[in-house]
Amino acid sequence: MNYAEAIRFLYELRWFGAKFGLENTLKLAALAGNPQNQLRFIHVAGTNGKGSTCAMLESIYRAAGLRVGLFTSPHLVSFRERIQVNRQLISEADIVRLVSEMQPWFVAFPRNTTRHFLRS
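For the structure given in this document, a descriptive report is provided here. Just so we're clear, the structure is a prediction, and the values are computed from it rather than from any experiment.

What links the strands of a sheet is backbone hydrogen bonding, and the strands pair in either a parallel or an antiparallel sense. Taken in spatial order, the 3 strands line up as 1-2-3 in an open sheet, and their pairing is antiparallel. What marks the edges here is a single partner per strand, and that holds for strand 1 (69-71) and strand 3 (88-89). In this sheet, strand 3 lies alongside strand 2 (residues 83-85) in antiparallel orientation, the contact comprising 2 bridges. Pairing of Val85 across the sheet is with Gln88, part of strand 3.

A separate point is the packing of aromatic side chains. Inspection of the entire model under this criterion finds 1 aromatic pair. Both rings, one in Tyr11 and one in Phe79, keep their centres 6.1 Å apart while their planes meet at 80°; by these two values the pair is edge-to-face. Note that Tyr11 is positioned in helix 1 (residues 3-12) and Phe79 in the loop between strand 1 and strand 2, a separation of 68 residues in sequence.

All right, on to a nonpolar patch on the surface then. Judged by side-chain polarity, Ile42, Met56, Ile60, Tyr61 and Leu66 come together as a nonpolar surface patch covering roughly 490 Å² of accessible area. Among the secondary structure elements, Tyr61 is positioned in helix 3 (residues 50-63).

Take Arg80: it is sitting in the loop between strand 1 and strand 2. Taking the C-alpha atoms as reference, Arg80 lies 9.8 Å from Ile7; in sequence the two are 73 residues apart. Once you skip the residues sitting within four places of it in the chain, Arg80 turns out to touch Tyr3, Leu89, Ile90, Ser91, Glu92 and Ile95. Reaching out from Arg80, the side chain makes a polar contact with the backbone oxygen of Ile90 at a distance of 2.5 Å.

Each value, and the rule that gives it
Residue positions are given per chain, counted from 1 along the sequence in the order it is written. Given that this is a predicted model, residues contribute local features only at a pLDDT of at least 70 and side-chain atom pairs are listed and counted only at 80 or more, while totals for whole chains, interfaces and linings are drawn from all residues. In computing side-chain values, all of the structure's heavy atoms are included and hydrogens and water are not. A pair of strands is considered paired only if DSSP assigns at least 2 bridges between the two. Think of it this way: any DSSP run of H or I at least four residues long counts as a helix, any run of E at least two long counts as a strand, and we number them from the N terminus. Note on ring pairs: Phe, Tyr and Trp rings are taken, using the six-membered ring of Trp, and paired if centres are within 6.5 Å. Classes follow the plane angle, with under 30 degrees stacked, over 60 edge-to-face and the rest tilted. Without a salt bridge and with relative accessible area above 30%, a residue can belong to a patch; like charges are then joined within 9 Å and nonpolar side chains (Val, Leu, Ile, Met, Phe, Trp, Tyr) within 5 Å. A 1.4 Å probe and the Shrake-Rupley method give the accessible areas. Residues count as covered only by the protein chains that appear here. A pairing counts as a salt bridge when a side-chain nitrogen of Lys or Arg comes within 4 Å of a carboxyl oxygen of Asp or Glu. We call two residues contacting when some pair of their heavy atoms lies within 4.5 Å. Any N or O atom pair separated by 3.5 Å or less is treated as a polar contact, with the protein-specific requirement of one donor-capable and one acceptor-capable atom, and with residues adjacent in sequence counted only for side-chain atom pairs.

In structure tokens, the structure reads:
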């Protein structure tokens, strides 16, 4: 898998639009070993100002000497902008590695929700 294929795979995850509830999110987290239980998060939600709020919080925590991850969406130029640690964009190689690692987990999802993930 190369970078373009990994990004295409990620975009194909959106084919059904919004699905309310956390069932699929929790299932995917469990398949990944529930990494969220080992981390601290601030989830910023709302209509306006999320990007500015996240940028300010990230800057404050980084200035305090903490290692800070930031996930934002959408991106402006490159998908890599969405995932940062200490203002360093995720590398193309890391995106390929992570997508390759998670792709097999979708086998555990019902067939109708994996039709775009699984290739015969």
